[in-house]
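# Breakdown of the fold
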Amino acid sequence: MQINPELKPQDLKDKIAGLWALSGQKIKSMASHLEGVSGSPVVTVNGTYEPRSWTDWTQGFQYGSELLQFDATRDTYFLDLGINHIKVHMPPHISHFGVHDHGFNNLSTYGNLLRLLNEGKIPKDQGTKELCVLALKLSASVQAQRWTTIPEGGYIYSFNGPHSLFVDTMRTIRILVVGHMLGHHSSGENDSKINLLKRAYQHALATAEYSIYYGEGRDSYDVWGRTAHEAIFNTNDGNFRSPSTQQGYSGFSTWTRGLSWAMLGFSEQLEFLHGQKELPELDELGGKAQLEEIFLKAARATCDFYLENSALDGIPYWDTGAPGLFHLPDWRNKKSNPFNEYEPVDSSAAAIGAQGLLRLGNYLRAKKEADADRYWSAGLTIADSLFTEPYLGTNKDYQGLILHAIYHRPNGWDHIPENSAIPNGEACMWGDYHARELALYLDKVIKDDSYYTFFKGITS
């Protein structure tokens with residue numbers, strides 16, 4: 001990736017304004033199109049979002065986008081739309097024991113709504129505030145119950161079952177941190193109290209150890225920052241068995257969206273830890289300093305791998321081991337080409353990863369580290385690429401905001417347009433949400449507004 005060190009957030013001001021203008025039109029179109037339809041919007045087909053029921057893990061991104069649109073534009077149409085959708089459709093997600101996605105669905109909705117209330121950006125409504133607080137507490141408790149114990153701690157297991165640790169979940173543990181901030185705990189057998197912050201960070205430690213590679217010889221393909229989508233454990237004794245994947249090419253290559261979840265998840269937790277005092281929960285896990293050291297190593301490794309294994313403009317191909325890359329031998333040193341005939345790019349990985357790079361840069365700036373600006377500038381460079389064509393969806397008849405995203409390449413779940421050999425030209429709900437979140441993050445930096453985090457505004 002070629003980083004533009006001269007780029008400043010203010011340089012993206014016009015592109016961000018253009019993104020919000022397009023975003024509002026697309027949200028209205030999607031809401032109208034999906035009214036009364038069951039299932040969650042996942043990916044577009046010929047520019048239109050169609051519902052697909054498979055854990056409904058993207059519904060929170062749809063309604064969370066409505067809240068982000070309001071936050072950025074102050075258009076109350078989107079606020080009213082978001083609140084109505086949350087109250088009608090989100091309650092089942094609070095008590096969903098079958099998924100590892102609580103931090104996606106419920107923080108995007110109840111979390112953002114609580115933040116807007118506590119920041120005074122919407123009129124005080126004690127009933128809605130109490131609803132949000134209760135929803136977040138219960139969501140955190142339910143997520144914490146999805147637990148596999150291993151000798152050195154444990155992890156929140158994926159929908160594949162107790163043997164499966166997904167790297168994606170590194171970003172969903174935010175719900176446990178928020179539940180802890182709200183003074184809640186989960187309860188187990190014999191009324192045992194489960195500390196939500198401790199459980200979140202046990203999961204993070206397991207992810208750092210088993211999902212991230214550091215060039216230390218764990219296997220023949222161990223390089224700094226390589227990320228396994230899935231880590232498989234023997235549930236009889238808790239021992240690690242092998243890397244694997246569900247949506248990537250192999251357990252020994254890097255599925256770039258999984259990589260980006262780790263980049264952002266670890267960077268966000270570093271920002272949270274930085275503002276915390278020593279806590280008993282942290283002491284039990286080795287102390288705040290040791291946790292920061294482990295999280296920083298994981299964040300640096302994954303971000304460095306992303307920078308080394310993306311195209312020149314910062315957009316990655318969907319998996320670094322995808323076999324068709326053989327036909328694109330110099331892909332790292334050229335701008336991404338979503339219209340090639342061999343392997344698709346994944347703009348959603350870029351939307352997520354850019355925010356991870358920015359947050360890591362921000363954290364390192366606070367620590368006065370010399371390489372902080374490198375990560376910060378890399379995040380801006382990716383945003384600059386995403387917020388323009390061919391990635392920004394400027395066609396007003398299309399509901400997708402950020403084009404050329406990939407959902408599940410091995411299963412063939414992405415639309416392949418006529419006269420093309422690979423998927424391209426379509427959007428996904430998480431990619432659009434994270435592009436909006438990235439734009440809002442930068443918007444606040446440009447306007448010198450309050451710094452946007454998952455934990456700001458949770459407690460009033």
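As a starting point, this report considers the structure included with it. None of these values were measured; they are calculated from a predicted model. Counting restarts for each chain, with residues numbered from 1 along the sequence as it is written. Only residues with pLDDT of at least 70 are given local features in this predicted model, and only at 80 or more are side-chain atom pairs given and counted; all residues enter the totals for whole chains, interfaces and linings. Water and hydrogen atoms were dropped before computing side-chain values, which therefore reflect all heavy atoms in the structure.

## Structural notes on the packing of helix 12 (residues 288–308) against helix 13 (residues 347–366)
Each packed pair of helices is defined by two parameters, the angle between the axes and the distance between the axes. Between helix 12 and helix 13, whose axes approach to 10 Å, the crossing angle comes to 130°. Viewed along their axes, helix 12 and helix 13 adopt a mutual orientation that is oblique. Helix 13 is crossed by helix 12, and the crossing has left-handed handedness. Contacts from Glu292, Leu296, Ala299, Arg300, Cys303, Tyr306 and Leu307 in helix 12 reach Ala349, Ala350, Gly356, Leu357, Leu360, Tyr363 and Leu364 in helix 13. The nonpolar class holds Ala, Val, Leu, Ile, Met, Phe, Trp, Tyr, Cys and Pro. Asp, Glu, Lys and Arg form the charged class, and all remaining residues, Gly among them, are polar. In terms of residue class, the contact of helix 12 with helix 13 is built from 11 nonpolar, one polar and two charged. All axes are obtained by fitting lines to C-alpha atoms, using only the stretch in contact for helices, and the reported angles, taken between N-to-C directions, cover 0 to 180 degrees. Only DSSP runs of H or I with at least four residues qualify as helices, and only runs of E with at least two residues qualify as strands; both kinds are numbered from the N terminus onward. An angle below 35 degrees is treated as roughly parallel, one above 145 as roughly antiparallel, one from 65 to 115 as roughly perpendicular, and anything else as oblique. Crossings are classed by handedness, with left-handed meaning an anticlockwise turn of the near helix from the far one by less than a right angle and right-handed meaning a clockwise turn. We call two residues in contact whenever any of their non-hydrogen atoms come within 4.5 Å of each other.

## So, the pairing of strand 2 (residues 48–52)
Both strand 1 (residues 40–45) and strand 2 contribute to a ladder of four bridges, which runs antiparallel. By the bridge assignment for strand 2, serine 40 is matched with arginine 52. Adjacent in sequence and paired antiparallel, strand 1 and strand 2 are bridged by two residues, among which asparagine 46 carries a positive phi angle near 55°. Pairing between strands is defined by DSSP: at least two bridges between them are needed.

## So, the pairing of strand 3 (residues 147–150)
Relative to strand 4 (residues 153–156), strand 3 is paired through four bridges, and the arrangement is antiparallel. Within strand 4, the position partnered with threonine 148 by the bridge is tyrosine 155.

## Looking at the side chain of arginine 199
Its place among the elements puts arginine 199 in helix 9 (residues 196–210). No salt bridge forms around the buried arginine 199; measuring N to O, its nearest opposite-charge neighbour glutamate 284 is 11 Å away. If sequence neighbours within four positions are ignored, arginine 199 has contacts with Ala144, Trp147, Leu176 and Ile194. Relative accessibility under 20% of the residue-type maximum defines a buried residue, over 50% an exposed one, and the middle range a partly exposed one, all with a 1.4 Å probe and only protein chains included. The sign given to each residue is positive for Lys and Arg and negative for Asp and Glu; His and the chain ends receive no count. Throughout this description, the term salt bridge denotes a Lys or Arg side-chain nitrogen within 4 Å of a carboxyl oxygen of Asp or Glu.

## Things to note about the sheet that holds strand 10 (residues 230–233)
Reading across the sheet, the three strands line up as 5-10-11 and stay open at both edges, with antiparallel pairing between neighbours. Strand pairing shows two members of the sheet lacking a second neighbour, strand 5 (164–166) and strand 11 (240–244), which therefore form its edges. The average undirected angle you get between the axes of adjacent strands in this sheet is 25°. Summarising the sheet, strand 10 and strand 11 pair through four bridges and their orientation is antiparallel. Within strand 11, the residue paired with glutamate 230 across the bridge is serine 244. Contacting strand 5, strand 10 and strand 11, helix 9 crosses the sheet at an angle of about 90° to strand 5.

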